[in-house]
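Overview (structure and organization)
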Amino acid sequence: MDDLLSSLNPAQQEAVKHYEGPALVVAGAGSGKTRTVVHRIAYLLRERRVYPGEILAVTFTNKAAGEMKERLAKMVGGPSKDLWVSTFHSASLRILRVYGEYVGLKSGFVVYDDDDQSALIKEILKELELEAKPGPFRAMLDRIKNQGRSLSEYLGEAPDFIGGVPKELAGDIYRRYQSGMRSQGAVDFNDLLLLSIQLFEEQPAVLAKIRQRARFIHVDEYQDTNPVQYKLTKLLAGENPNLLVVGDPDQSIYGFRNADINNILDFTKDYPGAKVFRLEENYRSTDAILKVANAVIEKNALRLEKVLRTVKTGGEAVRLYRAPNAREEAAFVAREVVKLAQYPETAVLYRTNAQSRLLEEHLRRAGVPVRLVGAVGFFERREIKDLLAYGRVAVNPLDGINLRRIVNTPPRGIGANTVAKLVEHAQKSGSSVLQALRQAESVISRPQQVQAFVEMLDSLIETAFESGPAQFFEQVMDAIGFREALKQELDGEERLQNIEELLRAARDWEEEEGGSLSDFLDSVALTAKAEEPQKGEALPEESVTLMTLHNAKGLEFPTVFLVGLEENLLPHRNSLNRLEDLEEERRLFYVGITRAQERLYVSYAEERETYGKREYSRPSRFLDDIPEDLLKEIGAFGDTSVPVLAYTRPEPKAKTVLSDFKGGERVKHPRFGQGTVVAALGGEVTVMFPGLGLKKLAVKFAGLEKMD
DNA sequence: ATAGGGAAATTTTTT
DNA sequence: ATTTCCCTAT
């Protein structure tokens, strides 16, 4: 019991000892956040005699959930098996697999990914004979569902045209999408959460049951929750919320996915009596790097005050390289990386995926093995999706989207015309596509191929019932002669390897998790961005890591390169207009800085090609936020004379508060009413008034009053 | 059924 | 520049 606390600092200890009631743990970068949560759970078990079956911990990624489970298993042993550690989405899916029928779900429902979603929208557009792209409508769907709003609410505020069609028609698309999803027994990611909420609201008995299973709730990365996740949390937490959330508003970087930073900023108002713990001791980075990070993030208004203190002292100044163009920038990175010769300890981070190409090229040319994270996900490859589609249909024959995907893959003489006729027949008779296929005889003139396909499908459906995913996919491979078909193709060899990889994954999964094909598909659906299985020579443990800033959150590296620090790139051009967006860009920069343990490089290119057009850029405004004495420009061939910061007592910097107001504060204006301070700069504050938008006000004249 | 041309579209994206 | 999609021609 003592070891639970003795390895922690005082702030962490306080958080760990928290028992009942709501609590907010503001955990700065590298402050031992996961560690604190893990210890807290262990403490509940050991000291408070809470049952493991009463504890829920929610994370955003499967990776984070997996890590937490692992650490808990190490710490508490066997009882960790009964803990519920999961992502929002898997937790919801698990609940809906049991209680889904209460909210109208059919038992074999499948989870649609982005591709499936687009496919359905495309189909609807065709039905309505519209010549529009699915993109804007998917965005509309996301916005409505991420915010948990109703269609009419959304349409009320929407512009008159969406994706080039009148908004009333767009609303029609939305309705058709929803009913299409339901009739083929499909849900999308958002539905998982929304339907869980609906279930809880309509079935108090179910909610009560789940609440027993979640008497103590932990939510990680709370700054990234969207309104729906917020609501789900609130519902689960109930009247007497034993809810502990952990997060860092300064690392909120998913606003574009409707994450709402106010969820964490307002936590103490939302949950009166909430205790607040601040973890400000940083174990990751040198003093120099932390000073830079603090100086940068201080410029944001929308935050909770927090100053990271260093544990490591000293450190080297940030190295800045100014490149004449993006090519030279990449060449510079490659040279430095080779010189440092610590590949696995090095990461190169960028704002957009498009930047990775040049970097990868130059690094490889310099003989550096590269690990590219998150480019094209394994499960997004066409051949993989094809094979998975067979599984989805076998599990849920109502799934018309996936059925159409496989009906002529590989080609078996069921062409577009045939399919169109059959689909039309299905729609007219109000039956599923599969049923139409079964009735092919009466619909088309040459039904042999279709009949053969249906026969094969029936046998696959049988296999799906009887055996696990590995055997199922093997049978599919045989039945459709996929190996032979792929060998004909140009890059068939590589794709075949991917398939072998999937088969292996299925076998591994059966061994480790075990379960039906349906369970396997669930886990695939919720782990779409799984670690890329290695391909080719380089092992990850010998490679330099390349990824976007978003992907870097939660990771750390001794050496970090932040490239492309240019206006219009970081901050990104689409984020320049709104202050909130600009602050999110700054947080992205902050996240990048705080990934570095020892050494940080920043660079920008004065010229780069964007979409094939040459562009000239100014250096990023964020570079101005780095204190001069902590930034050292180096030349084309590096520079060894980087000043080293002498030991300094880590004294919290005085905040430059020129007005009396702080970001996040609630205020009242005589004319505009209540609002939230977004920014305070000098004698000027920017306040967000609900319904009115942002207003810039002079403190002197505005007559603002603070509210509690 | 499929190759090949041409137009359009390119921020980030935990699930 | 490059990728992706859609149409047309074969």
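These numbers were taken from a predicted model, which means no experiment stands behind them.

Attention now goes to the protein's contact with DNA strand C. Residues in contact with DNA strand C, as listed here, are Arg 357, Glu 609, Tyr 611 and Gly 612. Within 4 Å of the protein, atoms of DNA strand C come from sugar and phosphate in 47% of cases. Arg 357 has a polar side-chain atom sitting 2.8 Å from a phosphate oxygen of DNA strand C. Here Tyr 611 contributes a backbone N or O atom positioned 3.5 Å from a base nitrogen of DNA strand C. Each residue belonging to the surface near DNA strand C can be placed in one class, and the counts come to one nonpolar, one polar and two charged.

One open sheet accounts for seven strands, arranged β15-β16-β14-β17-β18-β13-β21; its pairing is parallel. With one partner strand each, in any of the chains shown, β15 (370-372) and β21 (631-634) form the two edges of the open sheet. Strand-to-strand twist of the sheet, defined as the mean angle between neighbouring strand axes without regard to direction, takes the value 25°. Here strand β17 (residues 557-562) runs beside strand β18 (residues 596-605); their pairing, made up of five bridges, is parallel. Within β18, the residue paired with Val 560 across the bridge is Leu 600. Its contacts with the sheet place helix α15 (residues 287-297) against β13 (318-323) and β18, and it is angled at close to 50° to β18.

The next thing to look at is the sheet that holds strand β2 (residues 55-59). Taken in spatial order, the six strands make up an open sheet running β3-β2-β8-β9-β1-β10, and their pairing is parallel. Each having just a single partner strand, β3 (84-87) and β10 (275-279) make up the two edges of the open sheet. Taken pair by pair, the neighbouring strands of this sheet meet at an average axis angle of 15°, ignoring direction. By the bridge criterion, four bridges tie strand β1 (residues 23-27) to strand β9 (residues 243-247) in an arrangement that is parallel. Bridge assignment links Ala 23 to a residue of β9, and that residue is Leu 244.

To continue, consider the packing of helix α6 (residues 114-127) against helix α7 (residues 135-146). Taken N-terminus to C-terminus, the directions of α6 and α7 make an angle of 120°; their axes are 10 Å apart at the nearest point. As for how α6 packs across α7, the hand of that crossing is right-handed. Along its contact with α6, which presents Asp 114, Gln 117, Ser 118, Ile 121 and Leu 125, the element α7 presents Phe 137, Arg 138, Leu 141 and Asp 142. Its residues assigned to classes, the contact of α6 with α7 shows four nonpolar, two polar and three charged.

Conventions we followed
- Residues numbered from 1 in each chain as written.
- Chains lettered and ligands numbered in written order.
- Predicted model: local features only at pLDDT ≥ 70, side-chain atom pairs only at ≥ 80, totals over all residues.
- Heavy atoms only, no water.
- Near = heavy atom within 4 Å.
- Polar contact = N/O pair within 3.5 Å; in protein donor to acceptor, adjacent residues only side chain to side chain.
- Nonpolar A, V, L, I, M, F, W, Y, C, P; charged D, E, K, R; others polar.
- Pairing = 2+ DSSP bridges.
- Helix = DSSP H or I, 4+ residues; strand = E, 2+ residues; numbered from the N terminus.
- Axes fitted to C-alpha atoms, helices over the stretch in contact; angles between N-to-C directions.
- Contact = heavy atoms within 4.5 Å.
- Left-handed = near helix turned anticlockwise from the far one by under 90°.

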